[in-house]
Amino acid sequence: MKVRLCVLLISIAAIAVGSSLAFSDNDQNKGAASFEIDGGTRGRVPFPHHQHQENLGDCKICHSVFPQKQGSIEELKAQGKIENKYVMNKLCTKCHKEMKKTGRKTGPLTCSKCHIRAKS
């Protein structure tokens, strides 16, 4: 009887630990691996989301400015809560330049390296 109870408790504990690891915050809410951001007249901007998550490690670096919701940047622009070029100039390019100063590998530093114009 004690052996069965011990096996049962160990099994329950293993399931609980496995479930908590499977559904940890690190794996949830990662969003799309990549997507495009509306870049206005200069063209769309491809954004490697998971690559940024791996390199930065802290989602709040960007998501303190806008929520973790698809289309949130465009919504905030439309509501006048952030300027049109705020995200690219104050977050993206600024961060890339700071990383370059420290000698770390970084993303593009100029507008034309990110924006992709639609082909006519």
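Quick caveat: nothing in here was measured; it's all calculated off a predicted structure.

1. As for the packing of aromatic side chains
Any aromatic ring pair is given by two values, namely how distant the centres are and how the planes are angled relative to each other.
Argument step 1. Under the defined criterion, the tally for this structure stands at one aromatic pair.
Argument step 2. With 5.4 Å between their ring centres and 45° between their planes, Phe35 and Phe47 make a pair best called tilted. Residue Phe35 is found in strand β1 (residues 35–37), and its partner Phe47 is found in strand β2 (residues 45–47); the two are separated by 12 residues along the sequence.
Argument step 3. On the basis of relative accessibility, which here comes to 35%, the residue Phe35 falls in the partly exposed class.
Argument step 4. Looking at Phe47, the relative accessible area reads 14%, which means it is buried.

2. Quick look at the confidence of the model for the chain
Low-pLDDT stretches of the model should not have their predicted coordinates read in fine detail.
Argument step 1. In this model, the chain carries an average pLDDT of 82, and 78% of its residues clear a pLDDT of 70 or more.
Argument step 2. Across the chain, the secondary-structure element scoring lowest on mean pLDDT is helix α1 (residues 2–22), at 59, and the one scoring highest is β2, at 93.

Thresholds applied
- Residues numbered from 1 in each chain as written.
- Predicted model: local features only at pLDDT ≥ 70, side-chain atom pairs only at ≥ 80, totals over all residues.
- Heavy atoms only, no water.
- Phe/Tyr/Trp six-rings, centres within 6.5 Å; stacked < 30°, edge-to-face > 60°.
- Helix = DSSP H or I, 4+ residues; strand = E, 2+ residues; numbered from the N terminus.
- Buried < 20%, exposed > 50% of the residue type's maximum accessible area, 1.4 Å probe, protein only.
- pLDDT = per-residue confidence, 0-100.

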